[in-house]
Amino acid sequence: MALLSIRGVSIGFGGPCVLDQINLLIEQGERVGLLGRNGSGKSTLMRLISRELLPDEGDIQYRRGVKIAFLQQEVPQRLNGKIFDVIAKEVGKQRESCDTEEEWKVLPQIDQMISRMKLDPDADFASLSAGLKRRVMIAGCLAGNPDILLLDEPTNHLDIEAMHWLEEFLLRHAQTLIFVTHDRFFLQRLSTRIVELDRGNLASWCCDYQTFLKRKELEIESETSRQIIFDKKLSREEFWIRQGIKARRTRNKGRIKALQQMRAQRFARRECTGRVRMQLQHSEISGKLVIDAQGITYAYQDDLYINNFSTTIMRGDKVGIIGYNGSGKSTLLQILLGELYPDQGTVRHGTQLKTAYFDQLRYQLDEQKTLQENVADSSHIIDINGKQRHIVSYLQDFLFTPEKSRSPVRYLSGGERNRLMLAKLFAMPSNFLILDEPTNDLDVETVELLEEVLLNYQGTLLLVSHDRMFINNVVTSTLVFEGKGKISEYVGNYDDWLSQAEPVTLNNAENNVGKIEKTKLKPKRSDKLSYNEQRELETLPQRIENLETQQRQLYQMMADPAFYQSNSGRIANTKVQLAALENELKDAYQRWETLEEKLQ
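Here the structure is a predicted model, which means the values were calculated and not measured.

Visitor: I tried to follow the environment of Glu 536 on my own but got confused; where do I start?
Guide: With respect to the helices and strands, the residue Glu 536 is situated in helix H18 (residues 531-559). It is 8.7 Å that separates the C-alpha atoms of Glu 536 and Trp 592, two residues lying 56 residues apart in sequence. Those residues in contact with Glu 536 that sit more than four places away from it in its chain are Arg 591 and Leu 595. Looking at Glu 536, its side chain comes within polar contact range of the side chain of Arg 591, at 3.0 Å.

Visitor: In this structure, what is going on with helix H5 (residues 160-173)? I would like to understand it.
Guide: Each full turn of the α-helix corresponds to 3.6 residues, which orients residues three or four apart in the same direction. The terminal C-alpha atoms of H5, which comprises 14 residues, lie 20 Å apart, in line with the 20 Å expected from a rise of 1.5 Å per residue. Taking burial as the measure, the 14 residues of H5 include twelve buried ones, the bulk of the element. Taken as a whole, H5 has its buried residues at Ile 160, Glu 161, Ala 162, Met 163, His 164, Trp 165, Leu 166, Glu 167, Glu 168, Phe 169, Leu 170 and His 173.

Visitor: Help me understand the nonpolar core, please; the structure alone is not making it clear to me.
Guide: Across soluble globular proteins, you tend to see nonpolar side chains buried next to one another. Ile 87 and Leu 170 are the most contacted members of the largest nonpolar core, which has 46 residues in total. Top element by residues in this core is helix H4 (residues 130-143). It accounts for seven residues. Once residues within four sequence positions are removed from consideration, Leu 170 is found in contact with Leu 142, Leu 149, Leu 151, Leu 177, Phe 186 and Leu 190. Counting residues in each nonpolar core, the second largest holds 45 residues, with Leu 280, Leu 435, Leu 454 and Phe 470 among its members.

Visitor: Please clarify how the environment of Gly 36 should be interpreted in this entry.
Guide: Mapped onto the fold, Gly 36 is located in the loop between strand S3 (31-35) and helix H1 (42-49). Every residue in contact with Gly 36, bar those within four places of it in the chain, is listed here: Lys 42, Leu 197 and Asp 443.

Visitor: Teacher, can you tell me more about the sheet that holds S3 here?
Guide: Strand pairing within a sheet occurs via backbone hydrogen bonds; the two strands may be parallel or antiparallel. Strands sit in the order S5-S6-S7-S3-S8-S9 across an open sheet of six strands; the sheet is mixed. Of all strands in the sheet, those bounded by a partner on one side alone are strand S5 (68-71) and strand S9 (201-205). Ignoring which end each strand starts from, the neighbouring axes of this sheet average 15 degrees apart. Sheet topology places S3 next to strand S8 (residues 193-198); four bridges connect them, and they run parallel.

Visitor: Help me understand the confidence of the model for the protein, please; the structure alone is not making it clear to me.
Guide: Caution applies to low-pLDDT regions: their predicted coordinates should not be interpreted in detail. This prediction gives the protein a mean pLDDT of 79; 82% of its residues lie at or above 70. Low pLDDT, under 50, characterises residues 97-101; the predicted model gives this stretch four contacts beyond four residues in sequence or across chains.

Visitor: Explain the packing of aromatic side chains to me, please; I cannot follow it from the model alone.
Guide: Geometrically, a pair of aromatic rings is defined through the distance of the ring centres and the angle of the planes. Counted by the stated rule, this structure contains six aromatic pairs. On the numbers, 5.6 Å between centres and 85 degrees between planes, the contact of Phe 179 with Phe 186 is edge-to-face. For the pair shown, Phe 179 and Phe 186 are each scored as buried. Grouping aromatic residues by their ring pairs yields a cluster made of Trp 205, Tyr 209 and Phe 212. Above the face of the Tyr 62 ring, Arg 51 is positioned so that its terminal group lies 4.1 Å from the ring centre.

Visitor: Explain the pairing of S8 to me, please; I cannot follow it from the model alone.
Guide: Along any regular strand the residues' side chains alternate between the sheet's two faces. Across the six residues that make up S8, a large majority, five, are buried. Counting the residues between successive antiparallel strands, the hairpin from S8 to S9 contains two residues, one of them, Arg 199, with a positive phi of roughly 55 degrees.

Visitor: Explain the sheet that holds strand S1 (residues 4-11) here, please?
Guide: What the three strands build is an open sheet, ordered S2-S1-S4; its pairing is antiparallel. Looking along the sheet, the strands with just one partner apiece sit at the ends: strand S2 (19-26) and strand S4 (57-62). Pairwise comparison of adjacent strand axes, ignoring direction, gives a mean angle of 15 degrees for this sheet. As paired elements, S1 and S2 share five bridges and run antiparallel to each other.

Visitor: Sorry if this is basic, but what is going on with helix H15 (residues 444-455) here?
Guide: Between its terminal C-alpha atoms H15 stretches 17 Å, which fits the 16 Å expected from twelve residues at 1.5 Å a residue. Within H15 the residues assigned to the buried category are Val 444, Thr 446, Val 447, Leu 449, Leu 450, Glu 451, Val 453 and Leu 454.

Visitor: So what exactly am I meant to see when it comes to the pattern of salt bridges here?
Guide: Two side chains bearing opposite charge may form a pair once their charged atoms approach each other closely. Per the counting criterion, the structure on display carries 13 salt bridges. With a closest N to O distance of 3.5 Å, Glu 52 and Arg 47 form a salt bridge. Of the residues examined, Arg 47 reaches a relative accessible area of 33% and is grouped as partly exposed. Arg 348 is paired through a salt bridge with Asp 292; the nearest N and O atoms lie 3.8 Å apart. Residue Arg 348 is located in strand S13 (residues 344-349), and its partner Asp 292 is located in strand S10 (residues 289-300); the two are separated by 56 residues in the primary sequence.

Visitor: Can you walk me through unusual backbone geometry in this structure?
Guide: The bulk of non-glycine residues show a negative phi, and the bulk of peptide bonds are trans. Even without a glycine there, the phi angle at Glu 153 is positive, about 55 degrees. For Glu 153, the position within the fold is in the loop between strand S6 (148-152) and H5. Taking the relative accessible area as the measure of exposure, Glu 153 reaches 5% and is therefore buried. For Gln 301, which is not glycine, the phi torsion reads 50 degrees and is therefore positive. Turning to its location among the elements, Gln 301 is positioned in the loop between S10 and strand S11 (303-314). Relative accessible area serves as the criterion here: at 62%, Gln 301 is assigned to the exposed category.

Visitor: Can you walk me through the packing of helix H2 (residues 83-93) against H4 in this structure?
Guide: Helix packing geometry: the angle between the two helix axes and the distance between the axes. Packing of H2 against H4 leaves a shortest axis separation of 8 Å and a crossing angle of 45 degrees. Compared by their axis directions, H2 and H4 come out oblique. Our pair here, H2 against H4, has a crossing hand that is right-handed. Counting all contacts with H2, which are made through Ile 83, Val 86, Ile 87, Glu 90 and Val 91, the residues of H4 involved are Val 136, Met 137, Ala 139, Gly 140 and Ala 143. Class assignment of the residues belonging to the contact of H2 with H4 gives a composition of eight nonpolar, one polar and one charged.

Rules of the game
Residues numbered from 1 in each chain as written. Predicted model: local features only at pLDDT ≥ 70, side-chain atom pairs only at ≥ 80, totals over all residues. Heavy atoms only, no water. Helix = DSSP H or I, 4+ residues; strand = E, 2+ residues; numbered from the N terminus. Contact = heavy atoms within 4.5 Å. Polar contact = N/O pair within 3.5 Å; in protein donor to acceptor, adjacent residues only side chain to side chain. Expected span 1.5 Å × (residues − 1). Buried < 20%, exposed > 50% of the residue type's maximum accessible area, 1.4 Å probe, protein only. Core = buried A, V, L, I, M, F, W, Y, C linked by side-chain atoms within 4.5 Å. Pairing = 2+ DSSP bridges. Axes fitted to C-alpha atoms, helices over the stretch in contact; angles between N-to-C directions. pLDDT = per-residue confidence, 0-100. Phe/Tyr/Trp six-rings, centres within 6.5 Å; stacked < 30°, edge-to-face > 60°. Lys NZ or Arg CZ within 6 Å of the ring centre and 35° of its normal. Salt bridge = Lys/Arg side-chain N within 4 Å of Asp/Glu carboxyl O. Parallel < 35°, antiparallel > 145°, perpendicular 65-115°, else oblique. Left-handed = near helix turned anticlockwise from the far one by under 90°. Nonpolar A, V, L, I, M, F, W, Y, C, P; charged D, E, K, R; others polar.

In structure tokens form, the structure reads like this:
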């Protein structure tokens, strides 16, 4: 029996069905990437699977005893307490029973996950950054070892290192995975199957993401051809029915009935969701020099963020800024823009600069004002590249209906807020564009369109992003935070940085959640390791995997009620065996980290 069976499920919220008679089977071990435009119903489907919603029609069946964990797109508001308690609460949601033996089994898993994620169990959750809160919620989902793991935009607010760690962990340990993401690199690495939600219907593609793109393109061409043929035939039949008296005398009742069916079929057709249409406002050309920074040093509360950094940014440069959460990327932007003074060094700006800035926290949006007030203040007319347009028409380019344009921003979803920020930004004439995490919550199609717009942008671009493919496709050089205030500059995109950089990691004492090798995942031979140490490092991942397999087997055996009906000696020996296994696993992880640190 499949882990999950969805049959004939429909659900709507006042308009057309978000999900219309969908069917879906999920087998154990699948990693399903769920795709669809913003607002197509992906999160609704995840909430149905997690039992947060009930369908209007249809049935959802689960294999007996299946555990489900759901990482939602947004971190829950007003969530307080120590990190350990928050994770334990999330694990508790996955369990139907809370008996002593079950709790005894789960507590070591929570401790182990906190250790792997490099989290402080006693830290206050409410005081954490958005990225750290995200890591805590992910730890809560993973610690319960669920049968089905639902992840809605899991890479939001995670830095590149954390994404890499999460990818590796999910590849090794996630039993069955259903996830929504705009990160195409993440999607390509993890997915074994693509499920697309389009106009209320589900389509399943048993392939990876790149193969899906090729097959989808052919499917769209075929659908377009079929619709053209259908519409031409309908047009001919409509012309026939509207002919004069002579034609009506010879009408065929069967033909009339067929026409009525064609009309109903055409009326029921749900057109593709509109595509965002965006264009940047042109401005006068800036001077050849945009920014000249020399000897920049900046520290805050004894933490050195930038140490003796120099760079020159010229007109037309597209610069990507890469670093772990808390490394100082936003601080660097503020210094380069002149909003923050460095402790040492100078920043000189070129002439005729017109700057537009995208803030990842969306502080530029007024929650109480309407969408059109946020973009055009009290005016109803907006000037776009010398042409006047009504603000409602302009917002329709970003897929906002006239009704939504007149509603307050506080009712928008995460993806809609990002689209509104882009609409506000692109309405400003600029020749110097600063984007801080612009792709969060956007669907893949909109991200790809944004790439196209930025590639054609004639001005200068500073881009902070953890979206590896987005950086790859847009930037011409990178500034990389490499720890202890060091910022290195590399020619080219993300892949070029990986090929040029030394085999070091983007980490610090508080934010290290995994190691990124700059070439391959397998460690390179290093003179810092002896031959035996190098062999040990290469075998440790498999050893850890074997230990965790044994650990899961013991957990499963102890989860059986019949286990506790056996003799007390067997129970005691098994618990001793489990404790020894957990200690061995802890030592293996510690040894792995020690050897990897010697590589640096």
